[in-house]
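One-letter residues, chain by chain:
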Amino acid sequence: MGFKTRPRRSTEGEAIMRLLIVEDEIHLAEALTQILRKNHYSVDAVHDGQSGLDNALSGIYDLLLLDIMLPGMDGISILKSIRAEGIATPVILLTAKGEVDDKIAGLDHGADDYVAKPFNTGELLARIRAALRRKGEVVPDDSLKYGDIELHPSSLKLSCQGKELKLILKESELLELLMTRKSAATSKEQIIEKLWGFDSEVEHNNVEVYISFLRKKLAFLQSAVKINTIRGVGYVLEANV
């Protein structure tokens, strides 16, 4: 169910990372949410293990902040489950001070880092930035290539054999998602979750509109890359070169 994700973009083209907080201390979760949003992250928060697992398995997040002690399912079990599904999303564990065994178990099962409570906000933000850098999700002059096209998400520019045009934000995000998934079909539900979020009221026809826009722009560039529709499954790129 998981798929590799790249950051969303603001209207200025700046990367927006989507973070998930899984923390049963509601006041702490709310405080973390406010801090991270002030630092330009997109944040969702849940307060029990099963909800944390369900959200994490979507594959739409760039990083997870995962408490170990949770109702329903503990953080180590969540970590084991998402790694077993092949989801490589960076995970920072929130641990109780002095719980060495928990830290060791977390690192052994694929956690990227841990922060002991109570923690310093500046240290947590630094560890988040470091975890994202290690996974290669922040690339200042990033570009994606597929067939004869090249997409520059930071500038929203799409080029093909010397021709270039500028996309609008959602077109760039959608094409970026399709390009990172390559030959794997992407459903409308996956597109909506990644581009608009879980709680969005966006409907399937919104996706169809942006697919239509992208097809027209690829045709304008005379690209050999096509967006194919697999009925009942979703969309996939094909490079006829």
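Look a little higher up for the structure.
Per-chain numbering applies: the sequence of each chain, read as written, is numbered from 1 onward. Local features in this predicted model are restricted to residues whose pLDDT is 70 or higher, and side-chain atom pairs enter the listing and the counts only when it is 80 or higher, whereas totals over whole chains, interfaces and linings include all residues. Note that the side-chain values use all heavy atoms of the structure and ignore hydrogens as well as water.

**Student:** Sorry, what's going on with the pairing of strand β5 (residues 63-67) here?
**Tutor:** Looking down a regular strand, the side chains alternate between one sheet face and the other. Only protein chains enter the accessibility calculation, which uses a 1.4 Å probe. A residue is then buried if its area is under 20% of the maximum for its type, exposed if over 50%, and partly exposed in between. Counting from the N terminus, the helices are DSSP H or I runs at least four residues long and the strands are E runs at least two residues long. Among the five residues that make up β5, five are buried, leaving the element largely enclosed by the rest of the structure. Residue alternation in β5 divides its side chains into two sets, Leu63, Leu65 and Asp67 and Leu64 and Leu66, and both sets are buried. Relative to β5, strand β3 (residues 18-22) is paired through four bridges, and the arrangement is parallel. Residue pairing for β5: Leu19 is matched across the bridge by Leu63. Should DSSP find at least two bridges between two strands, the strands are taken to pair. Sheet analysis places β5 next to strand β6 (residues 91-96), joined by four bridges and oriented parallel. Within the sheet, the bridge partner assigned to Leu64 lies in β6 and is Val91. Taken together, β5, helix α3 (residues 75-84) and β6 form a β-α-β motif whose crossover is right-handed. The handedness of a crossover follows from its direction of travel: if, with the strands pointing away from the viewer, the path from the first strand over the helix to the second runs clockwise, the crossover is right-handed.

**Student:** Explain the sheet that holds strand β8 (residues 144-146) to me, please; I cannot follow it from the model alone.
**Tutor:** Strands in a sheet are paired, the pairing made by backbone hydrogen bonds, and the direction either parallel or antiparallel. Read from one edge of the open sheet, four strands run β8-β9-β10-β11, paired in antiparallel fashion. With partners counted over all chains shown, the strands left at the sheet margins are β8 and β11 (163-166), one partner each. The sheet shows a mean angle of 20° between the axes of neighbouring strands, direction not considered. By definition, residues are in contact when any of their heavy atoms lie within 4.5 Å. Helix axes are fitted to C-alpha atoms over the stretch in contact, other axes to C-alpha atoms as well, and angles between N-to-C directions run from 0 to 180 degrees. Docked against the sheet, helix α6 (residues 169-181) engages β8, β9 (149-152) and β10 (157-160), running at close to 125° with respect to β9. Strands β9, β10 and β11 of the sheet are contacted by helix α8 (residues 204-220), whose axis makes an angle of about 155° with β11.

**Student:** I keep staring at a nonpolar patch on the surface and nothing clicks. Help me out?
**Tutor:** The residues that make up patches have over 30% relative accessible area and no salt bridge, and they are joined within 9 Å when like-charged or within 5 Å when they are Val, Leu, Ile, Met, Phe, Trp or Tyr. Accessible surface area values rest on a Shrake-Rupley calculation with a 1.4 Å probe, where residue burial reflects the displayed protein chains alone. Each reported salt bridge corresponds to a side-chain nitrogen of Lys or Arg within 4 Å of a carboxyl oxygen of Asp or Glu. On the surface, a nonpolar cluster with roughly 230 Å² of combined accessible area is contributed by Ile168, Val209 and Phe213. Tracing the backbone shows Ile168 in the loop between β11 and α6. Residue classification places Ile168 among the partly exposed residues on the basis of a relative accessible area of 42%.

**Student:** Help me understand the sheet that holds β3 in this model?
**Tutor:** Spatially, five strands are ordered β4-β3-β5-β6-β7 in an open sheet, and the strand pairing comes out parallel. Looking at strand neighbours, the two that pair on one side only are β4 (42-46) and β7 (113-117), the edges of this open sheet. Recorded for the sheet is a direction-independent mean angle of 20° between the axes of neighbouring strands. Pairing of β6 with β7, which is carried by five bridges, proceeds in the parallel orientation. Pairing of Ala96 across the sheet is with Lys117, part of β7.

**Student:** Even after reading the chapter, I still don't get the pattern of salt bridges, so can you show me in this structure?
**Tutor:** Applying the stated criterion across every chain yields a total of 11 salt bridges. Residues Arg83 and Asp112 are paired through a salt bridge, measuring 3.2 Å at the closest nitrogen-oxygen approach. You can see Arg83 sitting in helix α3 and its partner Asp112 sitting in the loop between α4 (100-108) and β7, a full 29 residues away along the chain. You can call Arg83 partly exposed: its relative accessible area is 22%. Linking Glu208 and Lys188 is a salt bridge whose minimum nitrogen-to-oxygen distance equals 2.5 Å. Of this pair, Glu208 sits in helix α8 while Lys188 sits in helix α7 (residues 188-195), placing them 20 residues apart in sequence. On the basis of relative accessibility, which here comes to 37%, the residue Glu208 falls in the partly exposed class. Overlapping salt bridges, with partners in common, bring together Glu23, Glu25, Asp67 and Lys117 in one network.

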